Amino acid sequence: MADELDLLRRANPVPSDDGRFHDRPLDQHAERRLNRLLHSGRPRRLRRWVLSVGTAAAVGVTALTLLLSGSATTPAVAAPRPLQIESGSTPVPLGRIAARAAADRSQRLRQGTHTQTWSLSMTAGPGARPAVTLPEERVIRWRADGSHTELVVATDPRRPGEPVITGADPVPRTVEDGHVLSRRTFPPSWSDAPPQATPPRDTGRLRAYLDELDPTGPLGTSQLLDAVSELLDNWTLGSRENAAVVRLLADAKGLRPAGAVTDRLGRPGQAYVYEDTAHAVRRMLILNPVTGAVLGLEDTVTKDDAEFGVRAGDVMSYSAWMR
C-alpha cells in the first residue's frame, strides 16, 4: 500500500496548481496518466480500458443515442472489425522506414492535433449492457498568443473513417454527420514539460521526453506505444520528429513488421504488431511507408472475457491521426 501511495504522489495526475482540473472532469491526458498508475503491473490490460473509457461512456453513449436512435428505436451498436494485413504483402523493417523518414522533408512540426478515435465502453456484473464502441473526432488548434481551442464530435459509426471536421476553424459539416460533444477555448498557457513542451528531434532526447509522460518506470514496448499516442494527441509531427519516433520504435522489443494495410481513413500504411500476451491484447501500429508518420494504433482483444462481454478479435480501441 505504501508503494502505491508513493507512486500516486509521484505521478500526480491532477496537480493542485493546475486550474484546468478544478471542479470539472479530468481531461484525456490526466485520465490516461491515472489509468497507467492504477493498472501498471496488473495481470490484465483489459481492465485498464474499462477505466480509460468509463468516464467518456456517459457522454459518448448519450451522444450516440441522440445521433443514431429515436425514442422508439434501439440504439445502434458500432463494432468495427480489426484491420487486416493485405494478403501477399511484404513486411518492411522499421529500420528501412526510419531511413525513408530521415530523407523526407515534406512535413513541419505543428502544435495541435486532429484525431479520430474508437473506444470500447464496457460494464460488468448483473444487468451489464453489451459493449459498444464510442466513435469520436477531436481537433485541437493552438494560436499565436498561447491559447487553444478544442472541438470534440461524436461521429457516426455508420460512416467509419470519414472525417467530419474540416477547415482552419473546424466545424462539423452537418448535424447528421456529427453531434458536438464540446467546444472549448482555453486561455494562454505555456509549459516546458511534456506533452506541451516541444518534442525533440534527437532519438535519445525524445526517449527522455516520452519517459516523462509515464513516471511509473522504464518504458516497455506497450508503454512506449502509449507514450507515442499521447505525444500525437498533442502534436502533429514534422519530418524530423517522425524520423526520431521511428528510430525509437525500431529498437522496441517485440514490435514486428506484419505487412501492408489500409487504415480506417483509407490510407495505405505498413503495420507493426506487438503481442501483449500478459494482458491478452494485440497492438497494431500503422506507419506511412514513405514519411514514417504514425497513422494509427489499434488494440484488439486476443482472448474471450465473459465478465465484460468481449470476445477474441473485438477492437478495444483505435486512434487515427491526421494532418
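Everything numeric here is computed off the predicted structure, so don't read it as measured data.

How should I be thinking about the overall build of the chain in this particular structure?
A count of helices and strands for the chain gives 7 helices and 12 strands. Per-residue burial for the chain yields a buried fraction of 50% across its 323 residues. Counting only contacts in the chain whose residues sit at least 6 apart along the sequence, the fraction spanning at least 24 positions is 61%.

In this structure, what is going on with the side chain of Asp 263? I would like to understand it.
Mapped onto the elements of the fold, Asp 263 is located in the loop between β8 (256-262) and β9 (268-276). For Asp 263, a relative accessible area of 4% puts it in the buried group. Setting aside chain neighbours within four positions, we find Asp 263 in contact with Leu 83, Ile 286, Leu 295 and Tyr 318.

For this particular structure, what's the right way to read the environment of Arg 311?
With respect to the helices and strands, the residue Arg 311 is situated in the loop between β11 (294-301) and β12 (315-322). In this structure Arg 311 comes out as exposed when scored by relative accessible area, which is 62%. For the pair Arg 311 and Val 301, spaced 10 residues apart in sequence, the C-alpha separation works out to 6.8 Å.

Got a minute to help me understand the pairing of β11 in this structure?
Both faces of the sheet carry side chains from a regular strand, because those side chains alternate between them. Counting buried positions along β11 gives 8 out of 8 residues, so the element sits mostly inside the fold. Here 7 bridges tie strand β10 (residues 281-287) to β11, and the two strands are oriented antiparallel to one another. Among the inter-strand pairings, Leu 287 is bridged to a residue of β11, identified as Val 294. Taken together, β10 and the strand that follows it, β11, pair antiparallel across an intervening segment of 6 residues, in which Gly 292 is found at a positive phi of about 80 degrees. Bridging between β11 and β12 involves 5 bridges; their strand directions are antiparallel.

What is the right way to look at the pattern of salt bridges in this model?
Between side chains of opposite charge, a pair can form as their charged atoms come close. All chains considered together, the criterion is met by 10 salt bridges. Across the salt bridge formed by Asp 211 and Arg 207, the nearest N and O atoms sit 3.8 Å from each other. You can see Asp 211 and its partner Arg 207 sitting in helix α5 (residues 203-213), 4 residues apart, about one turn around the helix. Residue Asp 226 pairs with Arg 283 through a salt bridge whose shortest N-O separation is 3.0 Å. Placement of Asp 226 in helix α6 (residues 221-232) and of Arg 283 in strand β10 is noted, with a sequence separation of 57 residues between them. Like Arg 283, Asp 226 is buried. Each of Glu 136, Arg 138, Glu 150 and Arg 184 takes part in a single network of salt bridges with overlapping partners.

So what exactly am I meant to see when it comes to the pairing of β8 here?
As defined by bridge partners, β8 adjoins β9 across 6 bridges and the pair is classed as antiparallel. Looking at the pairing, Gly 259 lines up with Ala 271 of β9. In this structure, the hairpin formed by β8 and β9 is closed by a connection of 5 residues, where Gly 266 is found at a positive phi of approximately 80 degrees.

Can you help me understand α6 in this one?
Working note: α-helix, 3.6 residues per turn, so residues spaced by three or four point in the same direction. Helix length check: α6 (12 residues) gives 17 Å between terminal C-alpha atoms against 16 Å at 1.5 Å per residue, within 8%. Most of α6 sits out of view: 11 of its 12 residues are buried. Those residues of α6 not exposed but buried are Thr 221, Ser 222, Leu 224, Leu 225, Asp 226, Ala 227, Val 228, Ser 229, Glu 230, Leu 231 and Leu 232.

What is the right way to look at the packing of α5 against helix α7 (residues 239-250) in this model?
Relative placement of two packed helices is described by the angle separating their axes and the distance separating the axes. Between α5 and α7, the shortest axis-to-axis distance is 9 Å and the interhelical angle comes to 80 degrees. In terms of orientation, α5 lies roughly perpendicular with respect to α7. Residues Thr 203, Leu 206, Arg 207 and Leu 210 of α5 touch α7, and the partners they reach there are Ala 244, Val 245, Arg 247 and Leu 248. By residue class, the composition of the contact of α5 with α7 is 5 nonpolar, 1 polar and 2 charged.

Here is what the cut-offs are and how they apply
Residues numbered from 1 in each chain as written. Predicted model: local features only at pLDDT ≥ 70, side-chain atom pairs only at ≥ 80, totals over all residues. Heavy atoms only, no water. Helix = DSSP H or I, 4+ residues; strand = E, 2+ residues; numbered from the N terminus. Buried < 20%, exposed > 50% of the residue type's maximum accessible area, 1.4 Å probe, protein only. Contact = heavy atoms within 4.5 Å. Pairing = 2+ DSSP bridges. Salt bridge = Lys/Arg side-chain N within 4 Å of Asp/Glu carboxyl O. Expected span 1.5 Å × (residues − 1). Axes fitted to C-alpha atoms, helices over the stretch in contact; angles between N-to-C directions. Parallel < 35°, antiparallel > 145°, perpendicular 65-115°, else oblique. Nonpolar A, V, L, I, M, F, W, Y, C, P; charged D, E, K, R; others polar.

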